[in-house]
Amino acid sequence: MLKLNENYLKLPGSYLFAEIARRTAAYSEANPDKRLIKLGIGDVTLPLPAACVDALKRAADEMGDKATFMGYGPYEGYDFLREAIVKNDYEPYGAKISADELFVSDGAKSDCGNIGDIFSEDCVVAVCDPVYPVYIDANAMAGRAGEYAGDKWTNIVYMPCTAENNFFPALPERVPDLIYLCFPNNPTGMAATKEQLRPWVDYANEHGSVILYDAAYRAYISDPALPRSIYEIPGAEECAIEFGSFSKTAGFTGTRCGWTVIPRALRRGGESLYDMWMRRQSTKFNGTAYVIQRAAEAVYSPEGREQVAGLIGYYMNNARVIREGLSSAGLEVYGGEDSPYIWFRAPNGQGSWEFFDRLLHEANVVTTPGAGFGPSGEGFIRLTAFGDAENTREAVERVKAML
Ligand code: PLP
């Protein structure tokens, strides 16, 4: 008889966003005259940079002409984009990555989720708590998480990130095989320093672990001393895989393009992880669309760079408005300086959901309860800077008035 992948059946429902939607809809239905402002959204709101739109159109014309039509592309992506990424996102920061260590993807989520294909089901996985849920759920689907026991999986190593450790995890006692790190972090909005990352690289090399470094928010780092890539840390090329994305950098959430770096020096069990991932990709993935790769390449053109800087500046101004506004109202606020996320503690010991409800009912602002990202998120709220500037300003004023 056909059997299902029972690991899927162990997954809890996608409770967080469904519950936010349910509470928001119930409030709107009962109060149709109230205008809600959403500061919970993780999606961008500004359109693609004009340079990317122009490149998309030019590439579409090429596809419509027999002389320039492109069929299947290389599994690992076109050289023009791999080289542009390395030249602009690695070389200037002293990260010694070459174009032939990089795979173009259809976004960071797929690769963060699929990378587990090249590792054993027995691998022990460590994640920060709170965490971007994809890392845990993808490993639960692969049978690595054990059982879901209330708010945690029995076989996942949770590394608490709290105000006490400045939202940076301590090296775990139980040595994991796979360690997901994400900086700047979703949801806490905190970036990591080189000094903080160095012991992780040394630890992974000492124990044979692999760091899965999610740098989806690297473009939001404003402090030049902070690393944009794990490969700015010596030795990382022997222990780390890195994921990048054009989603939040250049508004590609709906356009879909990212990349994964697997250095040639990264070997485990005598095998090259680059070769294993290539084997996986060539079997299960036929590449990112040519037109999309051309649009991504345009991110690095002189006009593209200027337009991207404009997008990021717009969102970071929102982040500043939120951070300064909430701090001035006496809240304990984190993030928002090198990241589009702001993480703050609900006042007077209130729970995440309790304060979410107050913000919804009294300020008509929709947020994301921190508890939804893991047990250590309890008592916190996440806001994003991806909204409209005017609405963001108004939302902050409403929260201040409520407090
Ligand atoms: N990684 C993190 C930490 C994210 O927050 C997100 C999106 O919200 C992603 C990856 C997914 O990025 P992409 O749109 O490139 O799939």
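Everything discussed here concerns the structure shown above.
Source: prediction; values computed, not measured.

Trainee: Help me understand helix H13 (residues 389–402), please; the structure alone is not making it clear to me.
Mentor: Side chains that are three or four residues apart share a direction in an α-helix, a result of its 3.6 residues per turn. Given a rise of 1.5 Å per residue, 14 residues ought to cover 20 Å, and the 20 Å separating the end C-alpha atoms of H13 matches this to within 8%. For H13, the set of buried residues is Ala389, Thr392, Ala395, Val396, Arg398, Val399 and Met402. Each element contacted by the buried residues of H13 is listed here: strand S1 (37–38), helix H11 (302–328), helix H12 (352–363) and strand S15 (365–366). Between the side-chain oxygen at the start of H13 and the backbone nitrogen of Glu390 there is a gap of 3.1 Å, and the oxygen is on Asp388.

Trainee: Would you mind going over the site of the ligand with me for this structure?
Mentor: Close to the ligand lie 14 residues, the nearest being Ala108, Asp214, Tyr217, Ser245 and Ser247. Between the ligand and Ser245 there is a distance of 2.6 Å, counted from an oxygen atom to a side-chain nitrogen or oxygen. A distance of 2.7 Å is found between an oxygen atom of the ligand and a side-chain nitrogen or oxygen belonging to Arg256. Secondary structure elements with two or more residues in the shell around the ligand: helix H5 (108–114) and helix H8 (247–250).

Trainee: Can you help me understand the pairing of strand S8 (residues 210–214) in this one?
Mentor: Judged by how many residues are buried, S8 sits mostly within the fold: five of five residues are covered. Side chains Val210, Leu212 and Asp214 project from S8 onto one buried face, and the interleaved Ile211 and Tyr213 project onto a second face that is buried too. Sheet topology places strand S7 (residues 178–182) next to S8; five bridges connect them, and they run parallel. The residue bridging Cys182 from the neighbouring strand is Asp214, located in S8.

Trainee: Which parts of the structure should I look at to understand a nonpolar patch on the surface?
Mentor: Side chains of Leu2, Leu4, Tyr8 and Leu9 sit close together on the surface and give an oily, nonpolar patch of about 490 Å² of accessible area. You can see Leu2 is positioned in the segment before helix H1 (6–10).

Trainee: Help me understand the packing of H11 against H13, please; the structure alone is not making it clear to me.
Mentor: Packed helices, taken two at a time, are described by the angle between their axes plus the distance between the axes. As a packed pair, H11 and H13 sit with axes 9 Å apart at the nearest point and diverge in direction by 10 degrees. On the basis of the axis angle, H11 is roughly parallel to H13. Each of Tyr314, Asn317, Asn318, Val321, Ile322, Gly325, Leu326 and Ser328 in H11 lies in contact with H13, whose residues at this interface are Ala389, Thr392, Arg393, Val396, Val399 and Lys400. In terms of residue class, the contact of H11 with H13 is built from seven nonpolar, five polar and two charged.

Trainee: Whenever I open this one, helix H7 (residues 194–207) confuses me. Can you help?
Mentor: With 14 residues, H7 extends 20 Å between its outermost C-alpha atoms, agreeing within 8% with the 20 Å of an ideal straight helix rising 1.5 Å per residue. Three or more residues of H7 are buried, namely Leu197, Trp200, Val201, Tyr203 and Ala204. Along the axis of H7, the buried residues cluster in a sector spanning 165 degrees; they form a single face. Away from the buried face of H7 by more than 90 degrees, exposed residues Glu195 and Glu206 are located. If you follow the buried residues of H7, they end up packed against strand S6 (156–160), S7, S8 and strand S11 (267–268).

Trainee: How should I be thinking about the packing of aromatic side chains in this particular structure?
Mentor: Two descriptors summarise a pair of aromatic rings, namely the distance from one centre to the other and the angle between the planes of the rings. Tallying each qualifying case throughout the model produces 26 aromatic pairs. Taking 6.1 Å as the distance between ring centres and 90 degrees as the angle between the ring planes, the aromatic pair formed by Phe80 and Tyr290 counts as edge-to-face. Of this pair, Phe80 sits in helix H4 (residues 79–90) while Tyr290 sits in helix H10 (residues 290–297); the two residues are 210 residues apart in sequence, bridging distant segments of the chain. For Phe80, a relative accessible area of 18% puts it in the buried group. Put simply, the rings of Tyr90, Tyr231, Phe246, Phe252, Trp259 and Tyr300 touch in pairs and so form one group of aromatic residues. Between Arg218 and the ring centre of Tyr90, over which it is positioned, the NZ or CZ distance is 5.1 Å. The side chain of Arg294 reaches across the aromatic face of Phe80, ending 3.6 Å from its centre.

Reading guide: rules and limits
Residues numbered from 1 in each chain as written. Predicted model: local features only at pLDDT ≥ 70, side-chain atom pairs only at ≥ 80, totals over all residues. Heavy atoms only, no water. Helix = DSSP H or I, 4+ residues; strand = E, 2+ residues; numbered from the N terminus. Expected span 1.5 Å × (residues − 1). Buried < 20%, exposed > 50% of the residue type's maximum accessible area, 1.4 Å probe, protein only. Contact = heavy atoms within 4.5 Å. Polar contact = N/O pair within 3.5 Å; in protein donor to acceptor, adjacent residues only side chain to side chain. Near = heavy atom within 4 Å. Pairing = 2+ DSSP bridges. Patch = residues over 30% accessible without salt bridge, like charges linked within 9 Å, V, L, I, M, F, W, Y side chains within 5 Å. Areas by Shrake-Rupley, 256 points an atom, 1.4 Å probe, with all protein chains shown as cover. Salt bridge = Lys/Arg side-chain N within 4 Å of Asp/Glu carboxyl O. Axes fitted to C-alpha atoms, helices over the stretch in contact; angles between N-to-C directions. Parallel < 35°, antiparallel > 145°, perpendicular 65-115°, else oblique. Nonpolar A, V, L, I, M, F, W, Y, C, P; charged D, E, K, R; others polar. Arc of directions from axis to C-beta. Phe/Tyr/Trp six-rings, centres within 6.5 Å; stacked < 30°, edge-to-face > 60°. Lys NZ or Arg CZ within 6 Å of the ring centre and 35° of its normal.

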